[in-house]
Amino acid sequence: MQKEPTMIDPVGTYRDRYDWFVRATVALATAVESIVADAGLDVDAVEARTKSVESAAGKFARLKPDGSLEFTDPLTEVTDLVGVRVITYLTSDIERVAEALSSRFELLKTIDKSSLAQETGVFGYAGKHLILTPGGDRVPPGCGDVVGLGFEVQIRTVLQHAWAEIEHDIRFKNSRTQGSPVIDRAFTLAAGLIELADQQFELADRHHKEKIAELRAADAARGMDLELTAEKLRSIVTDLLPEYASSRPTHYEWLLTLVTANGITTGAELEDALDPSRVPFVVGAMDYQHRPGHVRLVDDLLLDRFGEAHIVRTATLTTERDRLGKLRYRLTKLQAHQE
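From a predicted model like this one, the values you see are computed outputs, not experimental measurements.

The rules behind each value
- Residues numbered from 1 in each chain as written.
- Predicted model: local features only at pLDDT ≥ 70, side-chain atom pairs only at ≥ 80, totals over all residues.
- Heavy atoms only, no water.
- Buried < 20%, exposed > 50% of the residue type's maximum accessible area, 1.4 Å probe, protein only.
- Helix = DSSP H or I, 4+ residues; strand = E, 2+ residues; numbered from the N terminus.
- Pairing = 2+ DSSP bridges.
- pLDDT = per-residue confidence, 0-100.
- Contact = heavy atoms within 4.5 Å.
- Axes fitted to C-alpha atoms, helices over the stretch in contact; angles between N-to-C directions.
- Salt bridge = Lys/Arg side-chain N within 4 Å of Asp/Glu carboxyl O.
- Phe/Tyr/Trp six-rings, centres within 6.5 Å; stacked < 30°, edge-to-face > 60°.

Among the seven residues that make up strand 5 (residues 151-157), seven are buried, leaving the element largely enclosed by the rest of the structure. Across the two faces of strand 5 the burial is the same, with Phe 151, Val 153, Ile 155 and Thr 157 and Glu 152, Gln 154 and Arg 156 all buried. Where strand 2 (residues 82-88) meets strand 5, six bridges bridge the pair, whose relative direction is parallel. By the bridge assignment, Thr 88 is partnered in strand 5 with Thr 157. Where strand 4 (residues 128-133) and strand 5 come together, five bridges link them in antiparallel fashion. Across the sheet, the residue bridging to Leu 132 is Phe 151, located in strand 5.

It is worth spelling out the confidence of the model for the protein at this point. One rule of thumb: low pLDDT means the predicted coordinates there are not for detailed reading. Looking at the protein, pLDDT values average 88 and 91% of them are 70 or higher. Mean pLDDT across the elements of the protein ranges from a minimum in helix 6 (residues 113-120), with 60, to a maximum in strand 2, with 97. Here residues 1-6 is a poorly scored stretch, pLDDT under 50, and it has 11 contacts once near neighbours within four places are set aside; other chains count.

Overall, mixed pairing links the five strands, which are arranged 1-2-5-4-3 in an open sheet. Strand pairing shows two members of the sheet lacking a second neighbour, strand 1 (43-50) and strand 3 (106-112), which therefore form its edges. Direction aside, the axes of adjacent strands within the sheet are offset by 20° on average. Sheet topology places strand 1 next to strand 2; seven bridges connect them, and they run antiparallel.

Counting through the fold element by element, Asp 300 comes out in helix 13 (residues 294-306). Other than its neighbours up to four places away in sequence, Asp 300 contacts Val 282, Met 286, Tyr 288, Arg 330 and Leu 334.

Moving on: the pattern of salt bridges. Here the structure, examined in full by the defined rule, presents 16 salt bridges. The closest approach of N and O atoms between Asp 304 and Arg 278, which form a salt bridge, is 2.9 Å. Taken as a pair, Asp 304 in helix 13 and Arg 278 in the loop between helix 11 (267-273) and helix 12 (279-286) lie far apart in primary sequence, 26 residues in all. One salt bridge in this structure joins Asp 299 and Arg 323, with 3.0 Å as the shortest N-O distance. Within this pair, whereas Asp 299 is found in helix 13, its partner Arg 323 is found in helix 15 (residues 323-338), the two being separated by 24 residues in sequence. Residue classification places Asp 299 among the buried positions, given a relative accessible area of 4%. For Arg 323, a relative accessible area of 3% corresponds to the buried category. Here the salt bridges do not stand alone but share partners, grouping Arg 296, Asp 299, Asp 300, Arg 323 and Arg 330 into one network.

Under the criterion given, the structure shown has six aromatic pairs. Ring centres 5.7 Å apart and planes at 90° place the aromatic pair Tyr 14 and Tyr 18 in the edge-to-face group. Look at Tyr 14 and you get buried, because its relative accessible area is 0%. Assessed through its relative accessible area of 23%, Tyr 18 is described here as partly exposed. Summarising the aromatic geometry, the rings of Trp 20 and Phe 21 are spaced 5.0 Å apart at their centres and angled 90° between planes, so their arrangement reads as edge-to-face.

Written out as structure tokens, the structure reads:
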């Protein structure tokens, strides 16, 4: 978008074009959400807003120390008329989001609030702000009508977002409480705690991923990552439920059908689905007349784990008389025992 000449009434022009800016906000927010999803990033939310005419008027009227206007061409120079916010779970995802967006839009400016806080030795708002524009060879789908429009993307964690929103409500929406030492100290303490909490979430996430990698390596060494067979199924169930009798060999083919119907295709997934600690509960709920074998017990453990979904997935997979009715009756027994 070419830079337009200085306007006599930029506020009036913005008011007249406000609907266009709203449509631009929708297009840019949709593109941001799509880019984040395409990058495989799990975020809490993508939010967007178009600056109100009243708020824009206040910004357009800002003055420099010498008394001159800060913006001579505000509709071009003010880059937060369209604002998008990406709220992440982890601080490490902030940089990942920034990299993904910078690869699909032209990056005009970066403001790293976290680095600024660290450099000045204070606790406060943390996050990263990007000024982006669709242009050149970086025009995401749906953004062809807003090429050259600068917009701001704020990237912050859930905790940082909560801090910033509460601070804005208390500090900036009521100017009469600004400068209160009690309020300033409270927000400084909260900011420090939030930074510490974000660090601990990062530590927990890193440890979780390392443990998952270790478990997958161990599963691979045991062949647990391979596709289930009836024989493998029998071996795993025997290990998990050693106190219960094996079923007939041919029955494990049927059990394999029940297991795979629930999306369980490997030994590792089967171990995750069958929780031996639930066996006493299931046995107590069912009040079996005779000690169950593997097939019946696993069927009930799957019913306990997946509930109604297990019924939907498996009720018609056999010629057993009235399996649907039997499963529903057994589910009511599990639910009643839970209460």
